[in-house]
Amino acid sequence: MNAVPTSSEPHVMPTYGRLPVALSHGQGCWVWDTDGRRLLDGLGGIAVNTLGHNHPRLVPALQDQIAKLIHTSNYYRIPLQEQLAAKLCELSGLANVFFCNSGLEANEAAIKIARKFGHDRGIEAPEIMVFEGAFHGRSIATLSATANPKIQAGFGPLVPGFVRVPLNDILAVETAVAEHPGLTAIFLETIQGEGGINPARVEFLQALRRICDERNLLLMLDEVQCGVGRTGKWFAHQWAGIKPDVMPLAKGLGSGVPIGAVICGPRAADVLKAGNHGTTFGGNPLAMRAGFETLTIMEEDGLLANAEAVGATLRGALAEGLAGEAGVVEIRGQGLMLGVELDRPAGALLGQALDAGLLLSITADRVVRLLPPLILTHDEARQIAAILVPLIKAFVAQPKP
Ligand SMILES: *Cc1c(COP(=O)(O)O)cnc(C)c1O
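Residues numbered from 1 in each chain as written. Predicted model: local features only at pLDDT ≥ 70, side-chain atom pairs only at ≥ 80, totals over all residues. Heavy atoms only, no water.

A. Spatial organisation of the overall build of the protein. Secondary structure summary: the protein contains 12 helices and 17 strands in total. Its C-alpha atoms give the protein a radius of gyration of 21 Å, within 12% of the compact-globule value 21 Å for 401 residues. In terms of its C-alpha atoms, the protein occupies a principal-axis envelope of roughly 60 × 55 × 45 Å. Considering the protein as a whole, with its 401 residues, one finds that 54% of them fall into the buried category. Relative to all contacts within the protein whose residues are 6 or more apart in sequence, the contacts with residues 24 or more apart total 72%. Summed over its atoms, the accessible surface of the protein is roughly 17,100 Å², and 56% of this surface lies on carbon and sulfur atoms. Averaging the locations of the 33 positively and 39 negatively charged side chains of the protein gives two centres separated by 1 Å. (Helix = DSSP H or I, 4+ residues; strand = E, 2+ residues; numbered from the N terminus. Rg over C-alpha atoms; globule rule 2.2 N^0.38 Å. Buried < 20%, exposed > 50% of the residue type's maximum accessible area, 1.4 Å probe, protein only. Contact = heavy atoms within 4.5 Å. Areas by Shrake-Rupley, 256 points an atom, 1.4 Å probe, with all protein chains shown as cover. Lys, Arg positive; Asp, Glu negative; His and termini not counted. Charge placed at Lys NZ, Arg CZ, Asp CG, Glu CD.)

Take a look at the structure:
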């Protein structure tokens, strides 16, 4: 199996290398392809399907909402928006929320907040610190903040105003802060996703919090992938006992209904005023209902504790099965956001896993990434490992290319 677009789809722009399979329906952590084959979902639509597929409480809630109102525009108050915003502020300890429709939009809003925060203080050309290995999206501004040259190639000129330093290198951060008086924000993923499941260390996050407080900078944590319960806390930075000033969210927040959000603490909450930012779809009743029901069901069903416990089972089973394999560089991540770094490009494993009945992703070329629904059971975690371990073993047993 190889991940190339087929010529039988001439009317879809060939921006993705797709596997030659189409899915027809799902139930829980399982999906079926159009040939009736059952597959275990270790990908969750890239950390989106928090509640799996066809969730017995989410689906009727969305059906109810569709019959009431899907969209109204932000010309009017949207009670569900106020309700979800209050919930997100309660869970994060932050102050207010701007809603949009995707991760890159949430990051665009964060970048606008960082720039206006600077302009409000008389800084003519505000700069934002970003990191090696970062992924923030594919709009022109967010791909400029992203570190991957493959994502940037062909789309220059890039947006200026980003200062890049290595992750987890506090000395490099301090040097850059000293050298860039126009800096207004430090912007990073709490755990890098596309970059290969690279966590910002707890001490690093705490040091960034201190630097931002001392220098009056905004700490902006992109939790589009690692947030919303995936690591076993509502937000991954909560493991470090800190709070950001700005936190973009998206992926898992709507369990598959498109949604994005930027949550701001007191330092950033008043930066954007009426007329400074907006979106037609953002915050519509359907997306807000999806977000609110997702968080409610997560709370009622203890899905944070489940992500932590089942994540430990999955990680343990992978560590045990792959112990002593020279081709396995590292197993890392937290909760149900896990990466297995191999010593070689691993793209071929995508099709092999599909053939073996498992959905997953390969990121940063050599990292096998698992982002299953947070309803995953211990038994399903062991099934993922039972499929994946022999595949990886056979793969790294081949001569290195
Ligand atoms: C996926 C992702 C984005 C972009 O989200 P889209 O919804 O695809 O625009 C931004 N930041 C991080 C950390 C992501 O994982």
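Right, picking up where we left off after that structure.
B. Main features of the UniProt feature "modified residue: N6-(pyridoxal phosphate)lysine" (unreviewed entry) in the protein. Listed under "modified residue: N6-(pyridoxal phosphate)lysine" (unreviewed entry) in the UniProt record, and renumbered for this structure, are K251. You can see K251 is positioned in the loop between β11 (246–249) and β12 (260–264). With relative accessibility at 22%, the residue K251 sits in the partly exposed group. With sequence-adjacent residues up to four places away left out, K251 is seen in contact with I46, A47, V48, V224 and Q225. (UniProt positions renumbered as here; feature names shortened; annotations may be inferred.)

C. Quick look at the environment of H180. Its place among the elements puts H180 in the loop between α7 (170–179) and β7 (183–189). Here the alpha-carbon distance between H180 and E108, two residues 72 residues apart in the chain, equals 22 Å. Those residues in contact with H180 that sit more than four places away from it in its chain are E127 and V163. Here E127 takes part through its side chain, which lies 2.9 Å from a polar atom of the side chain of H180. (Polar contact = N/O pair within 3.5 Å; in protein donor to acceptor, adjacent residues only side chain to side chain.)

D. Region of interest: the site of the ligand. Neighbouring the ligand are S102, G103, L104, N107, F135, H136, E189, D222, V224, Q225 and K251. In this structure, L104 approaches the ligand through a main-chain N or O atom, which is 2.8 Å from an oxygen atom. Starting from 380 Å² of accessible surface for the ligand in isolation, the protein chains cover 82%. Of the residues assigned to the shell around the ligand, the class counts are 3 nonpolar, 5 polar and 3 charged. (Near = heavy atom within 4 Å. Nonpolar A, V, L, I, M, F, W, Y, C, P; charged D, E, K, R; others polar.)

E. Molecular detail of the domain arrangement of the protein. For the protein, the assigned domains are domain 1 (23–54 + 303–397) and domain 2 (69–301). One C-alpha centre belongs to domain 1, the other to domain 2; they are set 27 Å apart. Facing the 26 residues of domain 1 at the interface are 27 residues of domain 2. Across the interface of domain 1 and domain 2, roughly 2,300 Å² is buried in total on both sides, 61% from carbon and sulfur atoms. For domain 1, the biggest contributors to the area lost against domain 2 are L304, Q334 and M337; these three give 29% of the whole. In this assembly, domain 1 and domain 2 are joined by 1 salt bridge. E194 is the partner of R369 in a salt bridge, and the nearest nitrogen-oxygen pair spans 2.7 Å. In this assembly, domain 1 and domain 2 are joined by 13 residue pairs in polar contact (both at pLDDT 80 or more). (Domains from an automatic or database assignment. Buried area = accessible area lost by both parts, 1.4 Å probe. Salt bridge = Lys/Arg side-chain N within 4 Å of Asp/Glu carboxyl O.)

F. Molecular detail of the sheet that holds strand β2 (residues 30–33). Here 4 strands make up an open sheet; going across it, the order is β1-β2-β3-β15 and the pairing mixed. Because the sheet does not close on itself, it has two edges, and the strands there are β1 (23–27) and β15 (358–359). Of the pairings in the sheet, the one linking β1 to β2 comprises 4 bridges and is antiparallel in character. From the neighbouring strand, L23 faces β2, where its bridge partner is D33. (Pairing = 2+ DSSP bridges.)

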